[in-house]
Amino acid sequence: MEVIKNIMNSSIENIVGDSHHYTYDRYTISLLYPCLATSNHFEICCIDGNLFHGCQRYYSLELAEDKIMELFKSKETQVRLEKFLI
């Protein structure tokens, strides 16, 4: 499984944090770093692929990235099955 990570830097320091986009197949999750907009938490949002609705907040980068990988791994099996059935 290959996950691509793109870093997006914010120009509004401390109000809106940096955003990292993680992409696997047709799924993309945005990870916002702690800032005022995220109540100083790491926040993940699905921006492509309907993995989950809304946003989820975590106290650490490790917990947020673990959740991202868990979501992608759950879809990896589905993607392989879809390719097999074609």
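Everything numeric in this text was worked out from a predicted model, so none of it was measured.

Conventions adopted
Residues numbered from 1 in each chain as written. Predicted model: local features only at pLDDT ≥ 70, side-chain atom pairs only at ≥ 80, totals over all residues. Heavy atoms only, no water. Helix = DSSP H or I, 4+ residues; strand = E, 2+ residues; numbered from the N terminus. Buried < 20%, exposed > 50% of the residue type's maximum accessible area, 1.4 Å probe, protein only. Salt bridge = Lys/Arg side-chain N within 4 Å of Asp/Glu carboxyl O. Pairing = 2+ DSSP bridges. pLDDT = per-residue confidence, 0-100.

Phi angles above zero are rare outside glycine, and Ser39 is one such case at about 55 degrees. For Ser39, the location among the structural elements is in the loop between β3 (27-32) and β4 (42-48). Ser39 sits in the partly exposed class, given a relative accessible area of 44%.

What follows covers the pattern of salt bridges. Scanning all chains against the criterion turns up 3 salt bridges. Between Asp25 and Arg26 there is a salt bridge; the shortest N-O distance is 3.4 Å. Look at Asp25 and you get partly exposed, because its relative accessible area is 40%. A relative accessible area of 41% means that Arg26 is categorised as partly exposed. For Glu70, the salt bridge is made with Lys67, and the minimal N-O distance between the two is 3.4 Å. In this pair, Glu70 and Lys67 are both assigned in helix α1 (residues 61-85), 3 residues apart and thus about one turn of the helix distant.

Every regular strand shows the same layout, with side chains that alternate between the two sheet faces. Of all 7 residues in β4, 5 are buried; the element is thus mostly enclosed. Across 5 bridges, β3 lies against β4 in antiparallel orientation. Residue pairing for β4: Leu32 is matched across the bridge by Glu43. The pairing of β4 with strand β5 (residues 55-58) spans 4 bridges and is antiparallel. Note on β5: the bridge partner recorded for Glu43 is Arg57. In sequence, β4 turns back onto β5 through a hairpin of 6 residues, with Gly49 there showing a positive phi of about 110 degrees.

Moving on: the confidence of the model for the protein chain. Considering every residue of the protein chain, the mean pLDDT works out to 81; 77% of them sit at 70 or more. Averaged pLDDT values for the elements of the protein chain fall to 68 in strand β1 (residues 4-8) and rise to 96 in β5.

Let's shift gears to the pairing of strand β2 (residues 19-24). With 5 of 6 residues buried, β2 is to be regarded as a mostly interior element. Summarising the sheet, β2 and β3 pair through 6 bridges and their orientation is antiparallel. Of the residues in β3, the one forming a bridge with Tyr22 is Ile29. Connecting the antiparallel pair β2 and β3 is a turn made up of 2 residues, with Asp25 showing a positive phi of about 55 degrees.

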